[in-house]
Amino acid sequence: MMLMKSLDRLEETLDQETAALMARDLSNLEEFNRRKSQCLLEISRMVRTPDIHALDQKATKRLQNLQAKIETNQDMLQQHMQAVQEVASIISNAIQKAESDSTYSAHMNKAGFGA
């Protein structure tokens, strides 16, 4: 069944991406995203067909397992996004502090203070 092949590809991609995220290897995120999008496009086209309503118990169990993998992958992606936001916030605060310090110092020097 075509659906199972698409699910295989999606599951393999999720496993690879989750493993990469756990290893902090972010070098292939763009490729993983492309592959997931392609798989999801294939699957979304298939689920619109009348055959999808006749899924057997094995296919239903497979979809439930895939849902768990998607949730794990989503959790890992969220953790990385939170880390990126925290780092960006630290950098932003450091830049603001550096700019405000130098602006204040320059203003003080021009006014004759601190010399």
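Conventions and cut-offs
- The numbering scheme is per chain: residues are counted from 1 as the chain's sequence reads.
- Local features in this predicted model are restricted to residues of pLDDT 70 or higher, and side-chain atom pairs are both shown and tallied only at a pLDDT of 80 or more, whereas totals for entire chains, interfaces and linings draw on every residue.
- The side-chain quantities take in all heavy atoms of the structure and omit both hydrogens and water.
- In this description a helix means any DSSP run of H or I spanning at least four residues, a strand means any run of E spanning at least two, and both kinds are numbered starting from the N terminus.
- Here, Shrake-Rupley sampling with a 1.4 Å probe gives the accessible areas, and only protein chains in the shown set may cover a residue.
- Confidence of the prediction at every residue is given by pLDDT, a number between 0 and 100.
- Think of it in three bands: residues with accessible area under 20% of the maximum for their type are buried, residues over 50% are exposed, and the middle band is partly exposed, with areas taken using a 1.4 Å probe on protein chains only.
- Within 3.5 Å is the distance limit for a polar contact, defined as a pair of N or O atoms, with the added protein rule that one can donate a hydrogen and the other accept it, and that residues adjacent in sequence qualify only through two side-chain atoms.
- The contact rule is simple, with two residues in contact once any of their heavy atoms fall within 4.5 Å.
- Under the convention used throughout, the expected extent of a helix is 1.5 Å for every residue step, that is, one less than its residue count.
- Whenever a carboxyl oxygen of Asp or Glu lies within 4 Å of a side-chain nitrogen of Lys or Arg, that contact is scored as a salt bridge.

**Structural notes on the overall build of the protein**
Stage number 1. Of regular secondary structure, the protein possesses 3 helices and 0 strands.
Stage number 2. Counting from the amino terminus, helix and strand elements in the protein follow one another as α-α-α.
Stage number 3. For the protein, the computed accessible surface area is about 8700 Å², with 55% contributed by carbon and sulfur atoms.

**Here we look at the confidence of the model for the protein**
Reading fine detail from the predicted coordinates is not recommended where pLDDT is low.
Stage number 1. Averaged over every residue, the pLDDT of the protein is 84; the share at 70 or more is 83%.
Stage number 2. The weakest mean pLDDT in the protein belongs to helix α3 (residues 57–110) at 83; the strongest belongs to helix α1 (residues 2–22) at 92.

**Some words on unusual backbone geometry**
Stage number 1. Here R24, not a glycine, exhibits a phi torsion of approximately 60°, which is positive.
Stage number 2. Looking at where R24 falls in the secondary structure, it is placed in the loop between α1 and α2 (29–46).
Stage number 3. Residue R24 is classed as exposed on the basis of its relative accessible area of 68%.

**Regarding the side chain of E42**
Stage number 1. In this fold, E42 is placed in helix α2.
Stage number 2. A polar side-chain atom of E42 sits 2.7 Å from a polar atom in the side chain of S6.
Stage number 3. Ignoring sequence-local partners within four residues, the contact set of E42 consists of S6 and R9.

**Details of α1**
Stage number 1. Relative to the 30 Å expected for 21 residues at 1.5 Å per residue, α1 spans 30 Å between its end C-alpha atoms, a close match to the ideal helical length.
Stage number 2. Residues of α1 that are buried: L3, M4, S6, L7, L10, E11, T13, L14, E17, T18, A20 and L21.
Stage number 3. Count one or two residues on from α1 and you reach R24, which has phi positive near 60°.

**Observations concerning the pattern of salt bridges**
Stage number 1. One pass over the full model with this rule turns up 7 salt bridges.
Stage number 2. As a salt-bridge pair, E42 and R9 come within 2.4 Å of each other at their nearest N and O atoms. Here E42 is found in helix α2, whereas its partner R9 is found in helix α1, with 33 residues between them in sequence.
Stage number 3. Residue classification places R9 among the partly exposed positions, given a relative accessible area of 36%.
Stage number 4. The shortest N-O distance in the salt bridge between E31 and R34 comes to 2.7 Å.

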